[in-house]
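Descriptive analysis of the structure
Chain by chain, the residues run as shown.
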Amino acid sequence: MSYPPAPWHLYGSAVESFHPIDVERAKQFVPVDLEIVSVLPGKTVGSVYLSVYESNSTLEYHELIVAPALVRYQGKIGAWISHIYVDSAISVAGGRNIWGLPKQMADFSWSDRQITVSQNNRSLCQVDRSQIELPLSFWDKFKISGYVFSGLERDILSFQGNIEAELKWHPFHLNIPVESSFAALDLGNPWFTIQFDRLHLTANAPSILGNWTTEAASRHPSG
């Protein structure tokens, strides 16, 4: 299947929650070659990100990303993505073959009040949204860049994601049912939740940082 080359430019909106995650829980979702970064004793930080990419994007689709930990490799700190779901087969192919991300197909329902994601009639997560929105970027779009680690076959990859958006504090309730593939992370009450409006996400081309050990490669789901 053909897919657009990197970088991908994605426009739309998104919500994201940030969670304290037990390091011991996170270990089962992170390859052993990556060092989990603690932000509090015994705790790392994880996130759940849901987005809809609309017209003018490289591709139009919905996306759910679960990052169970902040990790370090060769002195570089970034996010590790353990689960990622979309509703575009082209996005699956591009995500796996360009960035080595373990993308899978899922079904999305998106409205102003609720977002649901399911796969093969199994619920993955549900977001019940409030009507509260508090602007956090008053004069211009908020801009942030960060690194994401991934892997393609034997290669450990890193790529930079750049976000420009109107940032809002937006409380919502995140429900992860026991049948969800990432329920074991025990994603309870988040530290905080935000909303990205007028989002422009750039997923840049990856670079190779090193090679997986045999043990890490056997646990790595993508590629």
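It should be emphasised that the depicted structure is a prediction, and the values quoted were computed from it without experimental measurement.

This part covers the packing of aromatic side chains. Applying the stated criterion across every chain, the model contains six aromatic pairs. Summarising the aromatic geometry, the rings of phenylalanine 18 and phenylalanine 192 are spaced 4.7 Å apart at their centres and angled 25 degrees between planes, so their arrangement reads as stacked. Taken together, the residues span a long stretch of sequence, with phenylalanine 18 in strand E1 (residues 8–22) and phenylalanine 192 in strand E16 (residues 192–203) at a distance of 174 residues. With centroids separated by 5.1 Å and ring planes inclined at 75 degrees, the aromatic side chains of tyrosine 53 and tyrosine 61 adopt a geometry described as edge-to-face.

Attention now goes to the sheet that holds strand E15 (residues 172–175). Pairing is antiparallel across the open sheet formed by four strands, whose spatial order is E9-E10-E11-E15. Whereas interior strands pair on both sides, the edge strands pair on one side only; in this sheet they are strand E9 (107–110) and E15. Sheet twist, expressed as the mean angle between neighbouring strand axes with direction ignored, is 10 degrees.

The residue after alanine 6, namely proline 7, is reached through a cis peptide bond having omega 5 degrees. One can find proline 7 in the segment before E1. Of note, the phi angle at asparagine 120 is positive, near 50 degrees, even though the residue is not glycine. Tracing the backbone through its elements, the reader meets asparagine 120 in the loop between strand E10 (114–119) and strand E11 (122–129). Note on asparagine 120: relative accessible area 69%, which makes it exposed.

In this section: the pairing of strand E14 (residues 155–169). Here two bridges tie strand E12 (residues 134–135) to E14, and the two strands are oriented antiparallel to one another. Bridging across to E14, proline 135 finds its partner in lysine 168. Relative to E14, strand E13 (residues 142–152) runs antiparallel, the two sharing eleven bridges. Following the sheet pairing, glycine 151 is matched in E14 by isoleucine 156. Turn length for the E13-E14 hairpin, with the two strands adjacent in sequence and antiparallel, is two residues, and the turn residue glutamate 153 shows positive phi of about 55 degrees. Judged from the eight bridges that link them, E14 and E16 form a sheet pairing that is antiparallel. Considered in E16, the bridge of lysine 168 is made with glutamine 195.

The rules behind these values
Residues numbered from 1 in each chain as written. Predicted model: local features only at pLDDT ≥ 70, side-chain atom pairs only at ≥ 80, totals over all residues. Heavy atoms only, no water. Phe/Tyr/Trp six-rings, centres within 6.5 Å; stacked < 30°, edge-to-face > 60°. Helix = DSSP H or I, 4+ residues; strand = E, 2+ residues; numbered from the N terminus. Pairing = 2+ DSSP bridges. Axes fitted to C-alpha atoms, helices over the stretch in contact; angles between N-to-C directions. Buried < 20%, exposed > 50% of the residue type's maximum accessible area, 1.4 Å probe, protein only.

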